[in-house]
Amino acid sequence: MAILSTGPIENNEVSGVRPTVQVTVKIDNRDAVNQSAILIQGYNLTLTRTLYVSELITVSPDEVITRNYFANLDAYEFVFTTEGLAELQTETSVWGKDSAGQLVTAHRLVSAELLGAEEGGVTGSVNRIYVANFNSNDVSVINGTTSAVIAVIPVGVNPAGVAVNPLTNRVYVANLNSDNVSVIDGVTNTVLATVPAGDGAGGVAVNTATNAIYVANFNDNTVTVIDGLTNTVVTTIIPAGGSPFPTGIGVNSLTNTIYVAEFNSDIVTVIDGATNTVIIQIPVQVNPFRLGVDPLTNRIYVANFTSNTVSVIDGATNTVITNVPVGTTPAEPGVNISTNAIYVPNRDDDNVSVIGGLTNTVITTIPVGNNPNGAGANPLTNRIYITNQDDNTVSVIDGVTQAVISVIPVGARPFSVGVNP
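Note that residues are indexed from 1 along each chain, following the sequence as it is written. Owing to the predicted nature of the model, reporting of local features is limited to residues with pLDDT of at least 70; listing and counting of side-chain atom pairs is limited to 80 or more, with chain, interface and lining totals taken over all residues. Note: side-chain values were computed over all heavy atoms of the structure, leaving out hydrogens and water.

A closer look at the nonpolar core
The nonpolar side chains of soluble globular proteins are, as a tendency, buried together.
Logical step 1: Side-chain atoms within 4.5 Å are what join buried Ala, Val, Leu, Ile, Met, Phe, Trp, Tyr and Cys residues into a set we call a nonpolar core. Any residue under 20% of the maximum accessible area for its type is buried, any over 50% is exposed, and the rest in between are partly exposed; the area is computed with a 1.4 Å probe on protein chains only. Membership of the largest hydrophobic core comes to 18 residues, with the highest contact counts inside it found for Ile40, Ile57, Phe78 and Phe80.
Logical step 2: Helix numbering and strand numbering both begin at the N terminus, where a helix is a DSSP run of H or I of at least 4 residues and a strand a DSSP run of E of at least 2. Taken together, the elements giving at least two residues each to this core come down to strand S3 (22-29), strand S4 (36-45), strand S5 (49-59), strand S6 (64-70) and strand S7 (75-83).
Logical step 3: Judged by nonpolar contacts, the second largest core, of 13 residues, contains Ala193, Val206, Val215 and Ile226.

Written out as structure tokens, the structure reads:
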């Protein structure tokens, strides 16, 4: 995933006329084989930052697409999130135009200029990894370039889930025994807000397209929906009757669909993000624990804790395509959208099964630390981060060699991991 931003652009009136009244965006996919997907978001900048453009575009191989957007505003900003196999071959250019349709030179930007690149780095890359330490009640922040812990942030009691919104640079931590969510500012590494959730808030996921946060509440069998702009609860969804114990949650931002692993019911509940209502419940195998979502292939990967399998769900049909045998007690899958590989920590085998998303088979198994649980992938650097609960470490896997290249000490019983590419 590549995230580019124009940054805030001032557009104040000059002699009663704003320099720019329209923004033109040109997208060029130079890959002859693969497609890409780009989410275009425009913000009106006043006293608040208000989303007024949100369009998801699929760009076919060798295709060039142009879009025009209203920009007769005092200040604005555009953010572009690109995913897909052709991500690195997709270029975005942005022009400001005046009322006569002429280019405004000062407002012309190209993709290499949007965020700039640190020397030796990746353009638009944040490269921060957030580790929820269950027993020390904090989050370790890792610099993905240096593999060093650069901050430790106190949160609630027993943090068990982490999700990142790279568009807002906000990190959401579900605190299981505080029944709330800590909202972290990724710039300052401080807690901005603490939002009440349900009983046993253990899993959390973000919809980057709507800036909504979804929290799986293990003990009261609900899902809390939080508005990422106001940090307030929008609604509470009851995903299944009885005592399903929702443990894992994931979002496909491209389809606005939420998936909830119901541990006791052996199902995955599918929620429509537009209406916050349950669409369907999909039977999987025994004790679905956590899940990962690949928005580009529209596949959902569900780790079945007791069956020692991963159920692969087709998001288009809401059916299980296959069940992939993995190791013993699979935990939280991590999906690398740039390589279509799924990393599944096996708690009782102290290793990670790597599933090829094309074949739905295990292509290799990687030894890691003691009692691995969480997995997160950075698609820009092709690094995968595995939390080892009983070692208090994070194993870093090179996605090219499929080998551990470093081990990072973190807090007590690292449980889950989130990545801001």
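Additional details are given in the paragraphs that follow.
Focus: the packing of aromatic side chains
Logical step 1: The pairing test for Phe, Tyr and Trp rings, Trp by its six-membered ring, is centres within 6.5 Å, and the orientation test on the planes gives stacked under 30 degrees, edge-to-face over 60, and tilted for anything in between. Inspection of every chain in the model, using the stated rule, returns nine aromatic pairs.
Logical step 2: Each ring, one from Tyr52 and one from Phe78, has its centre 6.3 Å from the other, and the planes form 75°; the classification is edge-to-face. Highlighted residues: Tyr52 in strand S5 and Phe78 in strand S7, separated in sequence by 26 residues.
Logical step 3: Ring centres of Tyr76 and Phe78 lie 6.1 Å apart, and the angle between their planes is 80°; this geometry places the pair in the edge-to-face category. In this structure, Tyr76 and Phe78 share a single accessibility class: buried.
Logical step 4: Taken together, the aromatic side chains of Tyr52, Tyr69, Tyr76, Phe78 and Phe80 make up a single cluster linked through ring pairs.
Logical step 5: Sitting over the face of the ring of Phe289, Arg290 holds its NZ or CZ atom 5.5 Å from the ring centroid.
Logical step 6: The side chain of Arg413 reaches across the aromatic face of Phe134, ending 4.9 Å from its centre. Ring-over charges, as used throughout, are those where CZ of Arg or NZ of Lys falls within 6 Å of the ring centre and within 35 degrees of the ring normal.

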